[in-house]
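An overview of the molecular structure
For reference, the chains in residue letters:
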Amino acid sequence: MSDGEADFDERLHRKLMRNVARARRGQQAVLGEETADSAEGAVNVDDLIGSIQSASNLNDLKTQLTVTDKRSKVLSAPVHRQQRERIHRSIAYDETKKEVGKWQHIVGQNRAADQLVFPLNREQFRVKTVAETVETMTPRTPLEMEMAAILGTSKHNLTNADPYTDAEKEIMKAMSLKEAKARCADMQRMRALMSYKEAKWKRQKKIKSKQYHRILKRQKRKQLIKEFDDLMTRDPEAAREKLELLERDRVKERATLKHRGGNQWSKQLRLHATRDPKAREKLQDQMRFSRQLTEKHGVDSDSDDASNASDKQPTDETVGETLERLANDIDEEEAVLLKPNPWMRSKLSEMRRKADSSITGSAVTASAFDEQLRRLEGLPDEQFIPDDEDDASTAGDVRIVEIDEPSSDESDIAEMEPEYQEPRVVAKKVSRVSESPKKRKKAKRSEEGVSPAPSSSIQAKNVDLDSLFDSLDKRLIEATQQQNVDEEREQQPKKKKPKKLKLLEQLAAKENATRADADEALITEGMSRDGRTDLDASSSRRGNAASKQREQAARGRDVQAEIMADPKHFLKAETRPVVQVAPDLVEQMDEFDDAEADRQKELLAEAFEDDDVLADFESDKLAAEQSEKPKDIDLTLPGWGDWAGPGIDATKKKKKRFVIKAPEKPRRDRALPGVIINEKAEDSVKKLQVTMIPFPYTSVDDYEAVVRHPIGKEWNPESSHRALTQPNVVTKRGGIIAPMDKEATFKKRTVASISDSSDEDGAL
Amino acid sequence: MKSAKPRYFTGGAANETGSVKKVEATRGESTSEGAISAIRPKDEATGAAPPFPQKKRPRSDPADDPFIGDAPISEEKLKKYDMGAKNLRPATAKTKLAQKKFERRKEKMLERCKQAARAEILLSEEQGFLEPENGELTHHVRQREIASAVDISSATKHFDLDLAKFGPYRVDYTRNGRHLLIGGKRGHVAAFDWMTKRLHCETNVMEGVRDVQWLHVETMFAVAQKKWTYIYDNAGVELHCLKQLNDIKRLEFLPYHFLLAAGSNTSYLHWLDVSIGKIVTSFPTKLGPLDVMTQNPSNAIIHCGHPNGVVTLWSPNVKEPLVRMLAHSSGIRGVAVDQTGTYMATTGMDRKLRIWDVRQFKQVHAYKLPLGLSHVTFSQRKVLACAVGNTVQIFKDAHVGLAEAPYLVHQCTGTVTDLRFSPFEDVLGVGHQNGFTSLIVPGAGEPNLDALEANPYQSKRQRREHEVKALLDKIQPELITLEADDIAKVNTEALEAELERKAKVLYLKPEKIDYTPRHRMKGKSSAAKKEHRKQGVFEKHRKVANQERREVEKEFFGQKKAEADKPKSVLDRFKRKDV
């Protein structure tokens with residue numbers, strides 16, 4: 001623009017002028033008279049035009065003009081109705097979407113909820129526990145203040161943090177240790193007793209039995225009378241109060257005549273009373289009781305002395321005895337308390353074992369050990385050691401002791417605890433506790449050292465393993481020495497390791513196998529071989545005493561093993577010989593002597609033993625296979641593009657093309673000699689099975705696992721059964737299910753979210 | 001306590017990982033505790049009345065608690081109860097909502113496994129065995145000695161019924177082990193509560209008795225007599241005469257299916273539904289008289305033993321044996337299957353006792369026993385009893401191959417003809433030539449009873465309740481299969497075939513159908529009308545085919561997204577919709 005003068009174009013300028021003039025005319029035509037009369041003071045385009053003297057400042061004017069043109073607000077034409085409605089709709093849609101979108105989360109939650117309980121926003125009812133009420137309690141009334149003051153300053157408060165109250169601590173300080181201990185034990189006992197009594201009374205209060213209450217009432221009455229008689233001489237004032245109570249009973253009885261025989265029961269009973277002596281007795285009892293109730297008390301004091309004398313004695317006696325009895329009670333109850341929680345027991349035993357092992361490491365005398373144990377458990381007295389200590393734990397102790405200190409002589413161990421004196425007894429106990437029957441057996445045998453059976457004892461295995469390794473090492477070393485020593489010396493550890501490892505693996509595999517056997521897993525193929533290794537191990541353990549016999553047996557077993565190795569000989573296999581206890585066959589056999597019996601046996605065997613049962617069976621199997629085999633589909637058309645007739649078979653090419661081969665499915669019994677499994681049998685259940693995986697599942701495995709999972713009461717604990725079968729929706733009968741209240745729902749949510757966030761803050 | 005704590009936490013290597021977690025947990029809690037205690041002094045500072053002395057909650061000081069959190073459960077136990085819940089993949093569910101629900105379900109299932117494992121603690125009873133002292137053998141111990149050693153109530157469980165006249169006896173106990181039924185070959189039938197020795201009934205049916213069998217409750221029992229089978233109630237009154245079951249040799253009752261299975265002398269096998277009194281199936285096995293028969297309690301399959309040494313397995317749904325196993329080289333004398341359906345024991349004329357794994361049909365162990373070996377039975381705890389001539393030989397751990405000598409031996413006065421262990425009791429009932437003997441076999445019965453399943457102490461009301469419940473839970477005979485959980489499986493073959501078919505539908509032309517309209521009277525069969533009808537049928541057919549194709553397309557290629565946000569034109573309605 002700065003050099004506007006330089007490139008001033010005459011032609012352009014003229015064009016502009018023409019346009020402006022045209023615009024002026026046009027405007028005038030549009031606005032008409034309106035501009036003419038209303039806009040007197042307004043600026044006309046003429047003025048603007050008039051102000052143009054030269055073309056030099058024309059650019060400024062142009063900008064001015066465009067600005068004014070822009071500022072002039074002219075309403076755009078109203079849109080078309082259809083368009084307008086469309087806009088309205090889209091806006092309304094967006095707003096509604098936003099509004100409804102707020103519910104999205106809630107709806108999602110409700111849909112995914114495990115259980116919906118209607119009406120939805122019911123008030124949560126929860127009973128406060130005593131501890132909670134106490135925590136929030138602030139004393140307000142004068143009485144409360146006073147109580148709080150007394151209790152707060154009391155020295156007898158017991159908290160969970162501390163086993164002793166302040167008062168007790170003071171007493172303990174004042175007393176000698178022994179006395180204090182005894183006293184504390186006493187106090188604890190008393191406390192426990194109180195709580196038991198409390199519990200007992202609570203329980204008794206809830207008893208609903210009429211019989212019980214009747215008896216209780218009568219007892220109380222007797223007691224009352226006794227007390228009254230007792231008080232008559234000593235404290236007449238108190239006696240009068242008791243008398244009033246008795247008198248009230250008497251008045252009541254006289255007014256109601258409840259035990260007089262007017263009620264239904266006694267009427268019924270009276271019908272039988274003539275014949276039934278028991279009924280008569282009952283009636284008489286009732287009458288007697290009624291008489292007792294209505295009789296006046298405090299009138300005759302003849303029997304008082306006697307009753308006093310008889311009453312006093314026992315009370316005097318029992319003072320000492322009751323304490324003892326109470327102590328016994330506590331002991332018993334505590335023993336019971338300790339018993340039924342095996343988890344606690346096991347944990348305790350674990351702790352103890354650890355303590356023991358550490359103690360055995362350092363040489364401690366038996367008494368010190370005992371003391372430490374007690375201190376460890378925080379038990380002040382010997383009585384508090386539960387007398388049924390876990391068997392497993394003690395057994396574990398024994399084992400640990402044996403392993404940790406092979407050199408320590410047994411007498412020491414025996415001294416440590418009386419149970420240790422009889423390791424066998426302990427072992428037996430263990431055997432009863434331990435889970436699997438074979439494991440138990442193993443443990444017992446290894447500890448008894450008898451092991452009459454060729455069972456696989458782990459310990460024995462370990463021993464064997466060690467010896468095996470030793471021998472192997474020796475051999476290896478010898479071999480290496482023979483060769484170049486220098487070279488081998490470096491490689492020795494490298495070479496040794498893999499061999500050793502391999503051996504270890506093999507042995508471990510075998511051991512695993514036998515262990516699996518113990519866990520009732522089944523070994524079929526390797527059965528005899530395992531048996532043999534077991535046997536070897538055991539024979540090495542037992543020594544050479546009866547080695548000859550065993551060798552024979554082993555030789556026999558070798559043959560046996562060969563038989564077992566071939567699965568086809570399964571009919572001849574035998575696990576182990578069993579001690580034969582021959583029956584005394586009264587009917588069939590008693591007239592035969594032994595030789596005769598043997599002959600008979602042979603005869604029987606001949607009669608019933610088929611030579612080649614297996615071969616026969618296998619031929620059956622083959623036939624079954626053939627018949628059950630899925631058939632090929634033959635689509636050849638005889639004579640189509642070929643000659644047909646008797647003796648002319650379809651060509652190979654044709655067969656290949658037109659015979660659809662049935663899919664070959666391996667038979668289930670292919671590896672099982674002597675077994676025919678019917679392949680068609682499955683079809684019967686296949687009709688009932690699901691053929692499509694139902695909705696949410698996409699894999700067969702998942703669906704099957706879910707279906708397989710038991711939800712019934714018979715297979716589950718009650719709580720999980722209920723959780724697994726809880727209904728999706730629970731409604732209260734008769735309760736109105738109102739639609740969700742927007743305000744309430746969102747208010748609750750905001751409150752919840754705020755409180756959540758505040759919690760988090762607090763935690764941070 | 002304090003000295004014990006650190007030891008606990010730095011405990012053995014086995015639970016080191018566990019203890020680390022615990023320590024962390026305690027730290028977390030203790031910090032929060034600290035925060036609370038820091039606030040507390042403020043209240044005192046305000047000078048208000050001293051607050052009530054508060055008992056601290058036991059949880060408040062977790063550092064002192066050596067047993068934090070729940071008791072640990074071993075992996076093995078969890079595995080035992082886990083039926084595949086651990087491997088579920090909720091993320092594979094079809095929708096988001098379904099995923100969420102599936103996730104919840106999985107959690108619940110895992111929790112159930114835990115709880116079930118934890119509940120094992122309630123099975124506190126243990127089985128006991130005779131423990132011999134050094135050098136002594138258990139099979140030298142006589143019943144007399146056992147009876148004198150045990151308490152009086154247990155001692156009464158050994159008794160002998162001398163019934164020599166009515167000759168060899170068959171025996172049966174109810175499922176709860178409370179009641180005993182004996183049937184002598186010469187017609188003597190007696191039912192009684194064998195613990196209290198209270199007799200329910202005693203009759204002579206005046207006909208040969210082949211077998212006796214309790215039905216689902218102790219008020220009814222079936223007796224296979226020489227001609228027909230009869231059902232009596234516990235007062236000995238004849239309720240039914242089952243003429244369809246004639247010439248029956250052995251009876252078995254399948255309690256969950258309410259089926260009375262019977263094997264006849266004429267090789268027929270029958271299954272009778274006792275709840276409706278109808279024969280379910282009945283067919284000839286063509287394998288000779290069925291006098292060796294038992295049931296597999298875990299899957300209700302009937303096992304029969306035959307003179308050619310074969311054991312056959314039968315279900316009412318297939319008229320051929322499901323499985324044929326060559327078990328012995330000569331005739332089978334006894335078959336028994338244990339409670340879990342894992343082991344089968346067979347005895348044969350070849351003097352062998354064989355233990356099989358019935359799930360795999362493989363022999364696991366074999367023993368040679370003396371001559372005269374016949375019947376065999378398993379107890380609940382897998383103690384095995386064999387009849388050998390007139391003796392009963394009982395084996396412990398025979399199923400794991402550890403039997404070296406009989407555990408117990410008892411000699412009866414006559415040849416043993418039947419053996420049954422009493423459920424939930426350490427008792428073996430022996431029927432023999434001269435009556436019945438009840439033997440004490442320590443460790444035979446299941447010590448932990450499940451009263452929901454079979455309750456030895458049930459009252460009359462409970463029995464009735466149980467009967468109704470059992471009827472409601474009755475399993476249909478169609479569901480009897482070799483593997484009991486077959487019904488919970490998906491028929492994968494059918495599923496695959498269906499998928500294949502669907503995939504084909506996409507590329508198949510709709511099948512042409514050949515249809516000639518039927519001739520109708522009254523001018524309804526003009527050429528036009530006929531054609532009209534024809535086209536209608538074709539149209540219908542096409543529609544069905546198209547719909548199926550569309551569905552398959554949707555499944556395979558997913559749904560086409562609608563062109564959204566484009567203002568619809570009035571003319572859109574004339575557009576083709578399927579393009």
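Residues numbered from 1 in each chain as written. Chains lettered and ligands numbered in written order. Predicted model: local features only at pLDDT ≥ 70, side-chain atom pairs only at ≥ 80, totals over all residues. Heavy atoms only, no water.

Each helix and strand in chain A was counted, giving 32 helices and 5 strands. Per-residue burial for chain A yields a buried fraction of 23% across its 764 residues. Surface accessibility of chain A: about 55700 Å² in total, with carbon and sulfur atoms responsible for 54%. (Helix = DSSP H or I, 4+ residues; strand = E, 2+ residues; numbered from the N terminus. Buried < 20%, exposed > 50% of the residue type's maximum accessible area, 1.4 Å probe, protein only. Areas by Shrake-Rupley, 256 points an atom, 1.4 Å probe, with all protein chains shown as cover.)

Once that is clear, we can look at the sheet that holds strand S19 (residues 343-348) of chain B. Residues and elements named next belong to chain B. Read across the sheet, 4 strands follow the order S18-S19-S20-S21 without closing on themselves; strand pairing throughout is antiparallel. The open sheet has two edge strands, strand S18 (332-337) and strand S21 (362-368), and neither has a second partner. Across the sheet, the axes of successive neighbouring strands diverge by a mean angle of 20°, strand direction being ignored. Two elements, S18 and S19, share 5 bridges in a ladder whose sense is antiparallel. Looking at S19, one finds that Val-335 is bridged to Thr-346. (Pairing = 2+ DSSP bridges. Axes fitted to C-alpha atoms, helices over the stretch in contact; angles between N-to-C directions.)

Our focus in this paragraph is a positive patch on the surface. Residues and elements named next belong to chain A. Taken together, the side chains of Lys-210, Arg-214, Lys-217, Arg-218, Lys-222, Lys-226, Arg-248, Lys-252 and Lys-258 make up a positively charged region of the molecular surface. When residues of the positive patch are traced back to their parent elements, those giving at least two are helix H10 (210-234) and helix H11 (236-256). Per-element accounting of the positive patch gives the leading share, 6 residues, to H10. Residue placement: Arg-214 occurs in helix H10. (Patch = residues over 30% accessible without salt bridge, like charges linked within 9 Å, V, L, I, M, F, W, Y side chains within 5 Å. Salt bridge = Lys/Arg side-chain N within 4 Å of Asp/Glu carboxyl O. Lys, Arg positive; Asp, Glu negative; His and termini not counted. Charge placed at Lys NZ, Arg CZ, Asp CG, Glu CD.)

Quick look at the confidence of the model for chain A now. Residue and element names in this part refer to chain A. Mean pLDDT over chain A stands at 69; residues scoring 70 or higher make up 54%. Segment residues 358-369: pLDDT under 50, and 12 contacts once partners within four positions in sequence are set aside and those in other chains are kept. For residues 376-463, every residue scores under 50 in pLDDT, and the model assigns this stretch 122 contacts once sequence neighbours within four places are set aside. (pLDDT = per-residue confidence, 0-100. Contact = heavy atoms within 4.5 Å.)

The next point concerns the sheet that holds strand S11 (residues 259-264) of chain B. Residues and elements named next belong to chain B. Overall, antiparallel pairing links the 4 strands, which are arranged S10-S11-S12-S13 in an open sheet. The open sheet has two edge strands, strand S10 (248-254) and strand S13 (278-284), and neither has a second partner. The sheet shows a mean angle of 15° between the axes of neighbouring strands, taken without regard to direction. Of the strand pairs in this sheet, strand S12 (residues 268-273) and S13 are connected by 6 bridges, and their pairing is antiparallel. Of the residues in S13, the one forming a bridge with Asp-273 is Lys-278.

Counted according to the given criterion, the structure contains 49 salt bridges over all chains. As a salt-bridge pair, Arg-667 of chain A and Asp-669 of chain A come within 3.0 Å of each other at their nearest N and O atoms. An identical accessibility class is assigned to Arg-667 of chain A and Asp-669 of chain A; each is buried. The shortest N-O distance in the salt bridge between Arg-501 of chain B and Glu-498 of chain B comes to 3.4 Å. In this pair, Arg-501 of chain B and Glu-498 of chain B are both assigned in helix H8 (residues 492-505), 3 residues apart and thus about one turn of the helix distant. Given the relative accessible area of 36%, Arg-501 of chain B is considered partly exposed. Residue classification places Glu-498 of chain B among the partly exposed residues on the basis of a relative accessible area of 26%. It is possible to trace a salt-bridge network through shared partners that takes in Lys-665, Glu-682 and Lys-686 of chain A together with Glu-493 of chain B.

All names here are of chain A. For the bond from Phe-118 to Pro-119, the omega torsion is -5°, close enough to zero to count as cis. Here Pro-119 lies in the loop between strand S1 (116-118) and helix H6 (130-136). For Leu-257, which is not a glycine, the phi torsion comes out positive at approximately 50°. For Leu-257, the location among the structural elements is in the loop between H11 and helix H12 (264-273). Judged by relative accessible area, which is 43%, Leu-257 ranks as partly exposed.

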